[in-house]
Amino acid sequence: MGASTSPSSVTGPIAEAERITKRYGETVALDGAHITITPGETHALVGRNGAGKSTLVSILTGLQEPDEGAIRFGGRPAPRLSERDAWRERVACVYQKSTIIPELTVAENLYLNRHDHNGLRLVSWKSMWKKAADLLETWSVDVDVRLPAKELGVEQRQFVEIARALSFGARFIILDEPTAQLDGAAIARLFDRMRAMREQGVTFLFISHHLQEIYEICDTVTVFRDARHILTAPVMELPRGDLVAAMTGEAAGLQERKARPSVPVDADVILDVRGLTDGDLYAGVDLRVRAGEIVGLAGLGGSGKTELAETIAGLRAPREGTVEVAGRRPRAGSVPDSLAAGVGLVPRDRHHQGLIPLMSIADNTTMTVPERLGTAGLVSGRRRDELAREMITNLAIKTPGPELPVNGLSGGNQQKVVMARALASDPRLLVLITPTAGVDVRSKEFLLAKVEEIAGKGTGVVIASDELDDLRLCDRVLVMFHGRVTTELAAGWHDHEMVAAMEGVELDA
Amino acid sequence: MPETTAAPAETGRPAPKGSAGSRPALRLARLRDFALVPAIIAIAIVGQIVHPIFLQADNIINILQTMSEISLLVLAQALVLIVGKMDLSLESTFGLAPGVAAWLTVAVGTGSGLGLLSGFWAIPITLAVGVLVGVVNALFIVRFGLNGFIVTLGMLIVLRGLLTGISGGQTFFNLPESMTYLGSAMWFGVPASIWICLLLFAVGVLVMGFTGFGRSLYAIGGNVDAAKAAGIRTDRVLWITLIAASVLAAIGGLLLTGRLASVAAAQGDGAIFTVFAAAVIGGVSLNGGKGTVFGAFTGILLLYMIQNVLTLAGVPAQWIEALNGAIILTALALSRLTGGKTQE
Ligand SMILES: Nc1ncnc2c1ncn2[C@@H]1O[C@H](COP(=O)(O)OP(=O)(O)OP(=O)(O)O)[C@@H](O)[C@H]1O
Ligand SMILES: [Mg+2]
């Protein structure tokens, strides 16, 4: 292995990138990397966080010029960057970073810069609303298209982006981590759609950190590591272990998880939730988490697990019920109060609630702990950078240094910054909502090990997620369905048990 | 249920599923445009109580005429704010553009006029100065990627200095007739400047609400990367917007010049605060991507109605300024309350 196999076919590649190099200051994001995509295939691009995948996507879709190298579509050189329409005929894309404009309506987001016009060359809102509603209906996204896009949930926003990309009629579509924010049912819907489009001859470049998805939907896989092309091979000929080895550059595969020591029954109760109810979102939830215990909240989108976790962390106020953290009762819906009570949070959507994009990594990671940065309200830059550097090494964040603005980080590394920030305050209770979204396999292992380590020091942890890898870590998992806790599973559950419980299916084994 | 007021919507990320959750939000979004209408009606009633001439045609025309010139600055600023930039230099362009025209066309002997060109050229020169200022602003902000606030602050000072320089700090009189016509003519019994102001706002509403170009301003102000990805030529739109804004400022200056039949060295001085305030009160966000031309119009209208009521109530002229500032701050606070969201 190691040599790249270029797929030979009569028609020639639909898109190819040759010897692409791209630098950002001292960071080399792509180093002579190449990829060849054959018509009709679904081609996976994988690699660890910061490997250069999204950079390649932005070059392949004409958002950026490479420093060196060339892009070709169907054997012909790519259009100039200024010819956006020409690019959009050749390739459509769902970018990793949201390209939804929050203040505009859903319909306008779908038809941005290609509005319908009436006889007077004026925008015809009516027909646009109609078209948008029809488009979303085929995706079973049930929203009023005249709502501002900011009112949508993460998942709905994601589907709006996907629907938009697929509606251009381009024959080559790039999806950069489309599944990171979707639950199982939504992913299944997306894959069905992709298969149907592949039948019609559409070619996909698909990026994901969920390796099982690669095996489920892709034909060919290309691995990037440290800005370089490592290999391209048919998916069937590359077992999972080899794939991980190619990504990480280490022979060792993923580690088996060791059983966790059980939590003493007399450990302090860190989180005490009683009768928490918020209309239809969730109802009658009771939950106690002891020091050192890791409790999972599982469920699909709409199960209420996210809203419940957000309520526990003080992002929302419940209609009824109480949340007690380490014996204190923070004011409902007040994040500062919850912080003071010792809650650390990794929110659902890092772009929305997590990070301040233009501020440095150092500022972002230490935002929650001003008191540790200096005395009398003055921030010591040196203290801050030291703390940040400590976290960068602790969490293996790939960056030239703590002064880089976070929007210069790759998606997965941004997620680690959010994580670092939650850990910085030495929380009594850690609330993690889909904490490993967009994080590569090896870093995920690493982050989850960190969570375990923190729990080992007596922190209570709540993980709201539908990723089995996240949930496996938990001492017990509460499964929610339509706003109610329906099942409790102790560690050691089987995957099918968990999936069935999340889908609300009764299993009588 | 005891605590129905603790609405989850305040967290900013509700997930409206059924139509029950989405309807009120939808209605609210549409109503935001008309948020100031109740306030305008209230002021009209107060005005009528303070002085019975308030609602008479003459007085209303008077209000509209005094605000017509500065309202073009508000229109210009609204466009620039929506696209996500700001332009402080508008108030200086407002004075400089007609100032240069007067300088070149006013006969030698009266003030510092050069008398180089015939009166015919006055309006083309005014507009050309507007375009030129816009080009310089765009060059710094778009081409060189400098911060718009600091660039236009510099331009504000430079342009003001230029006007002082060419006028020798004095006022231009004896303007050619072409310069005074628009600001002083009556069309169908109503001052031409009111017609022009209303017409330009109507065009603004149409362009911003119903053309691809106008919508691209919202897209750029809302998320410039997304706008680029959608194929919008963001740089070109920014250029056009900045130039259009300066030209609007020049036209506003021309109207005022016509009404006063002179160009003072301080024309437009200090107007920018009122302009920003009117735009923000009218619902235009300083962060870009949000607000409407109609909203901006109601903003400036409200401010001028209040001012008129104060004058009618016999508030001494020395106090008007302080009161004006206080009223603007109050109006900002009120629009925050009625708008429900923090002003950004
Ligand atoms: N605008 C930028 N400024 C500075 N560095 C950047 C910028 N964009 C990307 N980089 C750097 O380029 C490298 C590659 O980033 P890229 O986003 O392509 O990674 P990725 O493979 O998509 O990772 P992930 O799986 O986390 O999304 C990273 O080290 C990143 O820090
Ligand atoms: Mg990426």
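Chains are numbered independently. Their residues run from 1 in the order of the written sequence. Lettering for chains starts from A, numbering for ligands starts from 1, and both go in the order in which the items are written. Where local features are concerned, this predicted model is filtered to residues with pLDDT of at least 70; where side-chain atom pairs are given and counted, the filter is 80 or more; whole-chain, interface and lining totals use all residues. With hydrogens and water excluded, all non-hydrogen atoms of the structure serve as input to the side-chain values.

1. Considering the overall build of chain A
And then number 1: Put simply, DSSP H or I for four residues or longer makes a helix, DSSP E for two residues or longer makes a strand, and each gets a number counted from the N terminus. Along the backbone of chain A there are 17 helices and 19 strands.
And then number 2: In terms of C-alpha radius of gyration, chain A reaches 23 Å, essentially the compact-globule figure of 23 Å for 509 residues.
And then number 3: Burial analysis of chain A (509 residues in total) assigns 55% to the buried set.
And then number 4: Should any heavy atoms of two residues lie within 4.5 Å, those residues are considered in contact. Put simply, 66% of the contacts in chain A that link residues at least 6 apart link residues at least 24 apart.
And then number 5: The method behind every accessible area is Shrake-Rupley, applied with a 1.4 Å probe, and residues are considered shielded solely by the protein chains displayed. Surface exposure of chain A reaches about 21,200 Å², of which carbon and sulfur atoms provide 51%.
And then number 6: Where the 59 positive side-chain charges of chain A centre and where its 69 negative ones centre are 4 Å apart. The globule rule is 2.2 Å times the number of residues to the power 0.38, and the radius of gyration it is compared with is taken over C-alpha atoms. Here the term buried applies to any residue with accessible area under 20% of the maximum for its type, exposed to any over 50%, and partly exposed to those in between, with areas from a 1.4 Å probe on protein chains only. Under the counting rule used here, the positive set is Lys and Arg, the negative set is Asp and Glu, and His together with the chain ends is not counted. Charge positions come from single atoms, namely NZ of Lys, CZ of Arg, CG of Asp or CD of Glu.

2. Focus on the coordination of the magnesium ion (ligand 2)
Residue and element names in this part refer to chain A.
And then number 1: As a rule, N, O and S atoms within 2.8 Å of a metal are its donors, except that Na, K and Ca use 3.2 Å; water is not among the atoms, so sites may look incomplete. At 2.0 Å from the magnesium ion (ligand 2) lie its protein donor atoms, namely S54 (OG) and Q96 (OE1). Of the two residues, S54 sits in helix α1 (residues 53-60) while Q96 sits in the loop between β6 (92-94) and α3 (106-110), which places them 42 residues apart along the sequence.
And then number 2: Judged by its relative accessible area of 30%, S54 is partly exposed.

3. Observations concerning the nonpolar core
And then number 1: Within the largest apolar cluster, 101 residues are counted, with the highest numbers of intra-cluster contacts made by L73 and M305 of chain B.
And then number 2: Contact partners of M305 of chain B, with chain neighbours within four places excluded, come to I40, I43, A44, F54 and I63 of chain B. As used in this record, nonpolar core signifies buried Ala, Val, Leu, Ile, Met, Phe, Trp, Tyr and Cys residues forming a set joined through side-chain atoms within 4.5 Å.

4. As for the packing of aromatic side chains
And then number 1: Pairs were defined over the aromatic rings of Phe, Tyr and Trp, the Trp ring being its six-membered one, requiring ring centres within 6.5 Å. Orientation was assigned from the angle between planes: stacked under 30 degrees, edge-to-face over 60, tilted for the rest. In total, this model carries 7 aromatic pairs over all chains according to the counting rule given.
And then number 2: A ring pair is formed by F120 of chain B and W121 of chain B, whose centres lie 5.4 Å apart and whose planes are at 85 degrees; its orientation type is edge-to-face.
And then number 3: We classify F120 of chain B as exposed; its relative accessible area is 60%.
And then number 4: A residue is classified by how much of its surface remains accessible, and W121 of chain B, at 41% relative accessible area, is partly exposed.
And then number 5: Throughout this description, the term charge over a ring refers to an Arg CZ or Lys NZ atom that lies within 6 Å of the ring centre and within 35 degrees of the ring normal. Over the ring of W129 of chain A we find R146 of chain A; its NZ or CZ atom is 4.9 Å from the centre of that ring.

5. Focus: the site of ligand 1
Residue and element names in this part refer to chain A.
And then number 1: Any residue with at least one heavy atom within 4 Å of a molecule or strand is counted as near it. K53, S54, T55, S410 and G412 are the nearest of the 19 residues found near ligand 1.
And then number 2: In the environment of ligand 1, an oxygen atom lies 2.8 Å from a nitrogen or oxygen atom belonging to the backbone of K53.
And then number 3: Between ligand 1 and the protein, one listed contact pairs an oxygen atom with a side-chain N or O atom of S410 at 2.7 Å.
And then number 4: Of all elements in the fold, only β2 (27-37), α1 and α14 (411-424) reach the threshold of two or more residues within the shell around ligand 1.
And then number 5: With 3 residues, α1 is the largest single contributor of residues to the shell around ligand 1.
And then number 6: Each residue belonging to the shell around ligand 1 can be placed in one class, and the counts come to 4 nonpolar, 12 polar and 3 charged. N or O atoms closer than or at 3.5 Å make up a polar contact, with two conditions inside protein: a donor-capable atom paired with an acceptor-capable one, and, for residues adjacent in sequence, both atoms drawn from side chains. Classification convention: Asp, Glu, Lys, Arg as charged; Ala, Val, Leu, Ile, Met, Phe, Trp, Tyr, Cys, Pro as nonpolar; all other residues, Gly among them, as polar.

6. So, the sheet that holds strand β9 (residues 220-225) of chain A
All names here are of chain A.
And then number 1: Pairing in this open sheet of 6 strands is mixed, and the strands run β6-β7-β8-β3-β9-β10 from one edge to the other. In the strand order of this sheet, the two ends are held by β6 and β10 (228-234), each with one partner. Pairs of neighbouring strands in the sheet enclose a mean axial angle of 15 degrees, with direction left out of account.
And then number 2: Here the rule is simple: two strands pair whenever DSSP picks up at least two bridges between them. One ladder, built from 4 bridges, connects strand β3 (residues 42-46) with β9; its direction is parallel. Looking at β9, one finds that H43 is bridged to T220.
And then number 3: Packing of α1 onto the sheet brings it into contact with β3, β6, β7 (172-176), β8 (203-207) and β9, and relative to β7 it is tilted by some 150 degrees.
And then number 4: Packing of helix α8 (residues 240-248) onto the sheet brings it into contact with β3, β9 and β10, and relative to β9 it is tilted by some 30 degrees. Angles here are taken between N-to-C directions and fall from 0 to 180 degrees, while the axes themselves are lines fitted to C-alpha atoms, restricted in helices to the stretch in contact.

7. Quick look at the sheet that holds strand β16 (residues 429-433) of chain A
Residue and element names in this part refer to chain A.
And then number 1: One open sheet accounts for 6 strands, arranged β15-β16-β17-β13-β18-β19; its pairing is mixed. Here the strands that pair on one side only, and so sit at the sheet edges, are β15 (343-346) and β19 (484-490). Pairs of neighbouring strands in the sheet enclose a mean axial angle of 20 degrees, with direction left out of account.
And then number 2: Across 4 bridges, strand β13 (residues 294-298) lies against strand β18 (residues 476-481) in parallel orientation. Across the sheet, residue A298 finds its bridge partner in β18, namely V479.
And then number 3: On top of the sheet, helix α9 (residues 305-312) reaches β13, β16, β17 (460-464) and β18; it is set at about 150 degrees to β16, its chief contact.

8. What about the pairing of β16 of chain A?
All names here are of chain A.
And then number 1: Among the 5 residues of β16, 5 are classified as buried, and the element is accordingly described as predominantly covered.
And then number 2: Of the two faces of β16, the one carrying L429, V431 and I433 and the one carrying L430 and L432 are both buried.
And then number 3: Pairing geometry for β15 and β16, over 4 bridges, is parallel. Residue pairing across strands places L345 opposite V431, the latter belonging to β16.
And then number 4: Across 5 bridges, the pairing between β16 and β17 is parallel. Bridged to V431 within β17 is V462.

Scope: geometric values only; no functional claims are made or implied.
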